[in-house]
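Fold and geometry: a report
These are the residues of each chain, in order.
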Amino acid sequence: MFSQTSTVTYHPKHRTWWQQQDCVICGSTAIGVNFGARTCAPCKAFFRRNARRKEILQTLCPFQESSTSNLNANDNHETNIYCSQIRYCSSCRLRRCFDMGMKEELVRTDKENERYRQLVETNRQRRNQLLQQDQFTIPRQILSKRVLLHETDWNDISNIVIAYETYCLKNYIQQRANTYHNQSQISDDDDTAKINHHASTTINKMTSFLLFLSTIPTVKLLPKSDRIFLCKHNIRPLILLNSHELDQLCYSEPWQLMYDDLSAKYVCGNDLFSELVNTKHRAEQILITDPVVTRLWLLILFFSTPLHCYYNSSLPEISLNQRIALVEIQHSYINLLWNYLSHRHGDIEVIRIFSNLTSVYLSMQRISQAINTIIRTRDDLSTLNESFDRAVVIDSDDK
């Protein structure tokens, strides 16, 4: 019932190309990532209505076979048993929603819904006022109903989304499973185990992201020196943003999150770890849950020259003409993202979304800078720093 299939389909209602896959809850056709998991429209609506109704989880399933009829709801939860009629059983359906990574905090409350409706109405009124004015405060071409995206643009977007899931996400999940399978328990006083765990999880995120980049035509066609320049300067500053995207797509058991937090807290220190957690929560609250947006944003930032906020003489350099060529590629992705957001959300809302992307990444960059400073300067983390430096090159360039 829950087998995963994938095809690329043109969606006539929204006029978009996207990767068609099965809903992870009920197995029907998914419409996208909703509240942290890939679901169909009915399961999305079901979770929005019932995410905060925890009493449903304690309800007995009426469809359990006779062999499991003596199990109560708590037993079902512990053994991850779902009935065969999951769309008709609220208890099993809601439990699977949580097990597959859907997040209650992503569902707007009644007050948030009211604020959202007011915001939509305010934006609609502002747009109408602008269209009626003789002197536009926003250029007329921005507010026009022209076609923002052409078929080649949709193909590029579709290829980027599919490449991320096929290479980055798939590799990350496989390596993450291997890490926890081969890893013994981490205790509070085992500092070496914490460092090793942080190294394996972070390097997995970097190498998975590099695997994705190696499939992007604009990256593959770069001169080798340009690729090495971008990877050496920009992969480490993008770890947190890529982690945010992976966390939205991957479900982690509580004990796995505990190991991740223990290791990160040891590396960062208490104060910086607290800032890191707050930044992650802020990203979850204000960043749009659209895989196209985050993945294009990652590419835009990757083509920066460079993202580092400090000078490091050991890092490679390139000429001014090479930098200009990279900036032109970056501008093409910026235009693609802007046009996509304008198409999906309108001319006014796109400004708010772009502002949120910039604000969140600046916070991530500041924390990333502080973490990398700690890793570079602490004696007990010297091997961690060396491992990170070795990991930030695409395999084909490291020869």
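Just above sits the structure.
Conventions we followed
Residues numbered from 1 in each chain as written. Predicted model: local features only at pLDDT ≥ 70, side-chain atom pairs only at ≥ 80, totals over all residues. Heavy atoms only, no water. Helix = DSSP H or I, 4+ residues; strand = E, 2+ residues; numbered from the N terminus. Buried < 20%, exposed > 50% of the residue type's maximum accessible area, 1.4 Å probe, protein only. Contact = heavy atoms within 4.5 Å. Phe/Tyr/Trp six-rings, centres within 6.5 Å; stacked < 30°, edge-to-face > 60°. Lys NZ or Arg CZ within 6 Å of the ring centre and 35° of its normal. 1 Å grid on protein atoms, 1.4 Å probe; cavity = no way out; pocket = protein on both sides within 12 Å on 5 of 7 lines; lining within 4 Å. Points joined across faces, edges and corners; volume = space filled by probe spheres on them. Nonpolar A, V, L, I, M, F, W, Y, C, P; charged D, E, K, R; others polar. Expected span 1.5 Å × (residues − 1). Bend = angle between axes of the 7 residues up to and from the residue. Core = buried A, V, L, I, M, F, W, Y, C linked by side-chain atoms within 4.5 Å. Axes fitted to C-alpha atoms, helices over the stretch in contact; angles between N-to-C directions. Parallel < 35°, antiparallel > 145°, perpendicular 65-115°, else oblique. Left-handed = near helix turned anticlockwise from the far one by under 90°.

Counting through the fold element by element, Ile56 comes out in the loop between helix H1 (41-50) and helix H2 (73-79). When its relative accessible area of 8% is taken as the criterion, Ile56 is described as buried. Taking the C-alpha atoms as reference points, Ile56 and Ser90, 34 residues apart in sequence, are found 6.7 Å from one another. Once you skip the residues sitting within four places of it in the chain, Ile56 turns out to touch Asn50, Ser90, Ser91 and Leu94.

Taken as a whole, this structure holds ten aromatic pairs when the rule is applied. Seen from their ring centres, Tyr164 and Phe212 are 5.2 Å apart, and the 70° between their planes marks the pair as edge-to-face. With Tyr164 in helix H6 (residues 151-182) and Phe212 in helix H7 (residues 191-213), this residue pair connects regions lying 48 residues apart in the sequence. Taking the centre distance of 5.5 Å and the plane angle of 80° together, the rings of Phe302 and Phe303 count as edge-to-face. For the pair shown, Phe302 and Phe303 are each scored as buried. Among the aromatic side chains, those forming a connected cluster through ring pairs are Phe35, Phe47 and Phe98. Looking at Arg378, its charged tip hangs above the ring of Tyr266, at a distance of 5.1 Å from the centre.

Turning to empty space enclosed by the protein, a few remarks are in order. Counted by the stated rule, this structure contains two cavities of 30 Å³ or more. The computed volume of the largest cavity comes to approximately 110 Å³. Taken together, Val33, Gly36, His244, Glu245, Gln248, Leu249, Ile288, Thr289, Asp290, Pro291, Thr294 and Arg295 form the lining of the largest cavity. Looking at the lining of the largest cavity, the elements with two or more residues in it are helix H10 (239-249) and helix H13 (291-302). Examining the composition of the lining of the largest cavity, we find that four residues originate from one element, H10, more than from any other. Tallied by class, the residues present in the lining of the largest cavity amount to four nonpolar, five polar and three charged.

This paragraph deals with H6. With 32 residues, H6 extends 46 Å between its outermost C-alpha atoms, agreeing within 8% with the 46 Å of an ideal straight helix rising 1.5 Å per residue. Maximal helix bending in H6 amounts to about 30°, located at Tyr164.

Another aspect to go through is the environment of Gln185. Position of Gln185 relative to the elements: it lies in the loop between H6 and H7. Assessed through its relative accessible area of 66%, Gln185 is described here as exposed. In this structure, the C-alpha to C-alpha distance between Gln185 and Trp255, residues 70 residues apart in sequence, is 9.7 Å.

With that out of the way, let us pick up the nonpolar core. Core analysis: the largest hydrophobic core is formed by 75 residues, its most contacted members being Phe212 and Tyr333. Setting aside its immediate chain neighbours within four residues, Phe212 contacts Ile160, Ala163, Tyr164, Tyr167, Cys168 and Leu299. Judged by nonpolar contacts, the second largest core, of 24 residues, contains Cys26, Cys43, Ala51 and Cys89.

This part is about the packing of H10 against H13. At their nearest, the axes of H10 and H13 sit 10 Å apart, and the two run at 160° to each other. Taken together, the axes of H10 and H13 are roughly antiparallel relative to one another. Of the two elements, H10 crosses H13, and the hand of that crossing is left-handed. Here H10 contributes Leu241, Asn242, Glu245 and Leu249 to the contact with H13, which in turn contributes Pro291, Thr294, Arg295, Trp297, Leu298 and Leu301.

Considered as a void within the structure, the second largest pocket measures approximately 1100 Å³ in volume. What lines the second largest pocket is a set of 44 residues, and nearest its centre among them are Asp247, Leu257, Asp260, Asp261 and Lys280. For the lining of the second largest pocket, the elements supplying multiple residues, two or more each, are H6, H7, H10, helix H11 (254-268), helix H12 (270-286) and helix H15 (349-377). Here the lining of the second largest pocket gets eight residues from one element, more than from any other, and that element is H12. Of the residues in the lining of the second largest pocket, the class split is 19 nonpolar, 13 polar and twelve charged.

On to the packing of helix H14 (residues 320-345) against H15, then. For the pair H14 and H15, interaxial distance at closest approach is 8 Å and the crossing angle is 130°. Our classification of the angle between H14 and H15 gives oblique. In terms of crossing hand, the pair formed by H14 and H15 is right-handed. For the pair H14 and H15, the contacting residues are Ile334, Leu337, Trp338, Leu341, Ser342 and His345 in the first and Glu349, Val350, Ile351, Ile353, Phe354 and Leu357 in the second. Of the residues in the contact of H14 with H15, the class split is nine nonpolar, two polar and one charged.

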